[in-house]
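Structure assessment
Below are the chains, spelled out letter by letter.
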Amino acid sequence: MNAPALPPRRPIRELPDALISQIAAGEVVERPASVVRELVDNALDAGAQNITLRLQAGGVRLISVEDDGMGILPGELPIAFKRHATSKISDLNDLESVSTMGFRGEALAAINSIADCAILSRASGQSEAFLLDGRTGELRQIARAQGTTVEVKELFYSTPARRKFLKTDATELAHCIEAVRRHALARPDVGFAIWHEGKVVEQWRACGSDLDRRLADVLGPDFLARSVAVEWQSADPRADGAGLEARRMRVWGRVGIPDAARARADQQFCYVNGRFVRDKVLTHAARSAFEDVLHGQRQPVYALYLEMDPTRVDVNVHPTKIEVRFRDSREVHQAVRHATEDALSAPRAQAAGAVVPASAIAATAVDQASSAPLWTQALQSTPQRAPGPYPSQSPIAFHVQESLPGQRVSDLAALWQPIDSPRLETQTAQAAAAPEGDWPLGRALAQLQGIYILAENAQGLVVVDMHAAHERIVYERLKNQWADAEGGGTSHRIASQPLLIPATFACSDAEAATAEAHADTLHALGLEISAFSPRTLAVRAVPTTLAQGDAVALARSVLSELEQHEASTVVQRAHNALLATMACHGAVRANRRLTLDEMNALLRDMECTERSDQCNHGRPTWRTVTVADLDKLFLRGR
Ligand SMILES: Nc1ncnc2c1ncn2[C@@H]1O[C@H](COP(=O)(O)OP(=O)(O)OP(=O)(O)O)[C@@H](O)[C@H]1O
Ligand SMILES: [Mg+2]
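Quick caveat, the model's predicted, so the values are computed rather than measured.

Summing up its helical and strand segments, the protein chain has 24 helices and 22 strands in all. In the protein chain, which comprises 638 residues, the share counted as buried stands at 50%. Counting only contacts in the protein chain whose residues sit at least 6 apart along the sequence, the fraction spanning at least 24 positions is 71%. About 31100 Å² of surface is accessible on the protein chain, with carbon and sulfur atoms providing 53% of the total.

This is how it looks when you write it as structure tokens:
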């Protein structure tokens, strides 16, 4: 048999400089937007206050980035285009604690190898400005104010294969704008302007440290109106002793309420020490904070800023620096998750004038057309307007029975259901003790179709999905009890109540086996289920919170949930899902008639229950239709 033929031998040679740069460019520059990102990085590193971007043909024909930063000294200009030439780091220490956007000293060399480039710059303290031609290396004097302009013409002219991958000018322009948007969201103190073919397409004025204003300018006023502030810091390290200063972390920014979630993940901005990054740890952490409150596949929106010791994050992982590696990614995950969860969990009913603007209702209704209630569809044509409390309006007249005079809701809360969490009890009592006019979710008026509670507050009509709202309240209660029990160090157990007469039911073999195998978990969940006869199970105790419900239905669904999770570790991780299943059974069902007092008690409970604005499946539990909305609906001018 013949030996397989060897490939022809080729000598080992050093590659020419130009080819090395072109290879580097392949990693760094994928499209015009990559050039934009690098040039804006450089302008920000130079301390620019204003950055102007001019583009032609989506950036393929021309990208020019002009800044008013410190400029480049004439003697250093020719070095700027050299490979591995940088003013930003000089040794390994600098690299490990880098605080500038750039540090590789590669971007300009790479871009110059695949396009026609020039740098025009006047350094601070210099009276003369110079232009360096990247192609010829020629340096000549010009006139300009302090700062730098980098011009990049005919991108990929020397690498036509790459050029073929480019999309239409409009698409490339959109990517360029997105690149600047990412910078703009990190630097409200810097002004940005983008021109395309001689016309301004975006302009964001510098606004100091006013992040909210920049967020509204860049992402639209709706983002601001439908998001909550995030502000979180790791505990004061001084309290823990020396050496922990380096572990301090701060997370801030804004996160969209669940209603503001989108079909695409196109409004998720994460920054680490001012650098835009796409990182699995961060996205997962933010997403997990929405676990309990987001509907199906919808994507949350947020702009989150993480500040941490630069030595605890490696930015030198990817040529485009869009990926980072955390030294302790668990700590980062927890920080971002806690920060986001804290911001989301406060019931928004408490926020003064928490009104869902008609425009927002309309947007959601369009988004979730399948399940949109009729009245939201009727509002779809309502023009957009700023949210906020509206001037007090004359009340809507509904002919319904009033609460008995002199009756206080706090006395009546017990009618609704035994309140079993001491924390909730005080909060509900406080909420109910507030003057009636201050109740965020208003005074109950009536029940509609056995499904909705109608209430009146200062803004207008509040409509509450009673099953969804109650399910959330029960779920949060169960979670609190679980957490309290866990924290208490006792064998954790949700408060349980024995049934006077055990509820028995005919069971399958699988159900009997699951009840036996998971007896400990069931016990922890406040359930006692044991064999009554070979084919019959008996429910002997249920969680106190769920005492009112159907014990057999509850037992069956918990057993079927447990059947799906085999190992006990899975059960541990899935306990929220189990609690949610239980809550669904404990919650009041449609068509149950409620008295006004029961309705009011539910509203007060909602006002002080975390995450009560969304049901366990992420759907909203309440909406406001303002009197102004109603006026529009009836074409009633005022
Ligand atoms: N707009 C600018 N204003 C002032 N100096 C600049 C500007 N752009 C580039 N420079 C100088 O040119 C050098 C080279 O820039 P280049 O972008 O190639 O590398 P870098 O920013 O140091 O690192 P990286 O490759 O990671 O971007 C910079 O270190 C900086 O000193
Ligand atoms: Mg750079």
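Moving on, we get to the environment of Val539. With respect to the secondary-structure elements, Val539 resides in strand 21 (residues 536–543). By relative accessible area, which is 0% here, Val539 ends up buried. The spacing of Val539 and Arg556 is 17 residues in sequence and 9.9 Å in space, taken between C-alpha atoms. Those residues in contact with Val539, other than ones at most four positions away along the chain, are Leu499, Pro502, Ala503, Phe505, Leu527, Glu528, Ile529, Ala551 and Ala555.

Attention now moves to a nonpolar patch on the surface. Where nonpolar side chains cluster on the molecular surface, the patch consists of Leu15, Leu19 and Ile23 and spans about 260 Å² of accessible area. Looking at where Leu19 falls in the secondary structure, it is placed in helix 1 (residues 17–28). Assessed through its relative accessible area of 35%, Leu19 is described here as partly exposed.

The tendency in soluble globular proteins is for nonpolar side chains to be buried side by side. Counting residues in hydrophobic clusters, the biggest one holds 91 residues, and the most contacted among them are Val152 and Leu306. Counting residues per element, this core draws most heavily on helix 7 (residues 169–186), at eight residues. Leu478, Ile529, Leu546 and Leu579 belong to the second-largest nonpolar core, a separate cluster that totals 30 residues.

With that settled, consider the sheet that holds strand 19 (residues 496–506). Sheets are built from strands paired through backbone hydrogen bonds, the pairs being either parallel or antiparallel. The strand order 19-21-20 describes an open sheet built from three strands, whose pairing is antiparallel. Single-partner strands in this sheet number two, and they are strand 19 and strand 20 (528–533). Recorded for the sheet is a direction-independent mean angle of 25° between the axes of neighbouring strands. When strand 20 meets strand 21, the two strands line up antiparallel, connected through five bridges. Counterpart to Glu528 in the pairing with strand 21 is Ala541. Contacts between helix 20 (residues 551–564) and the sheet are confined to strand 19, strand 20 and strand 21, with strand 19 contributing the most and set at about 80° to the helix.

With that settled, consider the site of ligand 1. Among the 21 residues in the neighbourhood of ligand 1, the closest are listed as Asn42, Thr86, Ser87, Lys88 and Glu106. At a separation of 2.9 Å, a nitrogen atom of ligand 1 approaches a polar side-chain atom of Asp67. Here an oxygen atom of ligand 1 and a backbone polar atom of Gly105 are 2.8 Å apart. Contact with the protein chains hides 93% of the accessible area of ligand 1, taken as 590 Å² for the molecule alone. Those elements that place two or more of their residues in the shell around ligand 1 are helix 2 (32–45) and helix 5 (107–114). Ranked by residue count, the leading element in the shell around ligand 1 is helix 2, at three residues. Broken down by class, the residue content of the shell around ligand 1 amounts to eight nonpolar, seven polar and six charged.

Let us look at helix 11 (residues 280–289). Taken residue by residue, helix 11 has Leu282, Ala285, Ala286, Ser288 and Ala289 as its buried positions. Taken around the axis of helix 11, the buried residues stretch over an arc of 165°, which confines them to a single face. On its buried face, helix 11 sits against strand 11 (268–272), strand 12 (275–277), strand 13 (302–308), strand 15 (325–326) and helix 12 (329–345). The backbone nitrogen of Val281 lies 2.9 Å from a side-chain oxygen of the residue at the head of helix 11, namely Asp279.

This paragraph deals with the pairing of strand 3 (residues 116–122). In terms of burial, strand 3 is largely enclosed, as five of its seven residues are buried. Strand direction decides the pairing type here: strand 3 and strand 6 (residues 147–153), joined by seven bridges, are antiparallel. Looking at the pairing, Asp116 lines up with Lys153 of strand 6. Turn length for the strand 3-strand 4 (residues 129–133) hairpin, with the two strands adjacent in sequence and antiparallel, is six residues, and the turn residue Gly125 shows positive phi of about 80°.

Once that is clear, we can look at the sheet that holds strand 1 (residues 50–56). Across the sheet, which stays open at both edges, the eight strands sit in the order 5-4-3-6-2-1-7-8 with mixed pairing between neighbours. The strands lining the two open edges of the sheet, one partner per strand, are strand 5 (139–142) and strand 8 (199–204). With strand direction ignored, the average angle separating the axes of adjacent strands in the sheet is 15°. Running at roughly 15° to strand 2 (residues 62–67), helix 2 makes contact with strand 1, strand 2, strand 6 and strand 7 (191–196) of the sheet.

Our next topic: the pattern of salt bridges. Per the stated rule, a full pass over the model turns up 31 salt bridges. In this structure, Glu202 and Arg181 form a salt bridge, with 3.9 Å as the shortest nitrogen-oxygen distance. Here Glu202 is found in strand 8, whereas its partner Arg181 is found in helix 7, with 21 residues between them in sequence. Taking relative accessible area as the criterion, Glu202 reaches 23% and is therefore assigned partly exposed.

Attention now goes to the confidence of the model for the protein chain. The predicted model of the protein chain averages 81 in pLDDT, with 82% of residues at 70 or higher. Counting contacts from residues 351–425, a segment whose pLDDT is below 50, to residues more than four positions away or on other chains yields 122 contacts.

Right, let's get into unusual backbone geometry. Backbone phi values are negative for most residues with the exception of glycine, while trans is the configuration of most peptide bonds. Positive phi is not limited to glycine here, since His84 has a value of about 55°. The exposure class of His84 is exposed, given its relative accessible area of 51%. Although it is not a glycine, Gln449 sits at a positive phi angle of roughly 55°. Here Gln449 is to be found in the loop between strand 16 (443–448) and strand 17 (452–456). Take Gln449: its relative accessible area is 61%, and that puts it in the exposed class.

Our focus in this paragraph is the packing of aromatic side chains. Summed over the entire model, instances satisfying the criterion amount to four aromatic pairs. Here Phe269 and Phe276 contribute two aromatic rings whose centre-to-centre distance is 6.2 Å and whose plane-to-plane angle is 65°, an arrangement assigned as edge-to-face. In terms of burial, Phe269 and Phe276 fall into one category: buried. With a centroid separation of 5.6 Å and 75° between ring planes, the pair formed by Tyr271 and Phe276 is classed as edge-to-face. Residue class for Phe276 comes out buried when judged on its relative accessible area of 12%. Linked through ring pairs, Trp252, Phe269, Tyr271, Phe276 and Tyr305 together constitute an aromatic cluster. Above the plane of the ring of Trp195 lies Arg54, whose end atom (NZ or CZ) is 5.8 Å from the centre. Of note, Arg250 hangs over the ring of Trp252, and the distance from its end group to the ring centre comes to 4.2 Å.

Cut-offs and rules
Residues numbered from 1 in each chain as written. Chains lettered and ligands numbered in written order. Predicted model: local features only at pLDDT ≥ 70, side-chain atom pairs only at ≥ 80, totals over all residues. Heavy atoms only, no water. Helix = DSSP H or I, 4+ residues; strand = E, 2+ residues; numbered from the N terminus. Buried < 20%, exposed > 50% of the residue type's maximum accessible area, 1.4 Å probe, protein only. Contact = heavy atoms within 4.5 Å. Areas by Shrake-Rupley, 256 points an atom, 1.4 Å probe, with all protein chains shown as cover. Patch = residues over 30% accessible without salt bridge, like charges linked within 9 Å, V, L, I, M, F, W, Y side chains within 5 Å. Salt bridge = Lys/Arg side-chain N within 4 Å of Asp/Glu carboxyl O. Core = buried A, V, L, I, M, F, W, Y, C linked by side-chain atoms within 4.5 Å. Pairing = 2+ DSSP bridges. Axes fitted to C-alpha atoms, helices over the stretch in contact; angles between N-to-C directions. Near = heavy atom within 4 Å. Polar contact = N/O pair within 3.5 Å; in protein donor to acceptor, adjacent residues only side chain to side chain. Nonpolar A, V, L, I, M, F, W, Y, C, P; charged D, E, K, R; others polar. Arc of directions from axis to C-beta. pLDDT = per-residue confidence, 0-100. Phe/Tyr/Trp six-rings, centres within 6.5 Å; stacked < 30°, edge-to-face > 60°. Lys NZ or Arg CZ within 6 Å of the ring centre and 35° of its normal.

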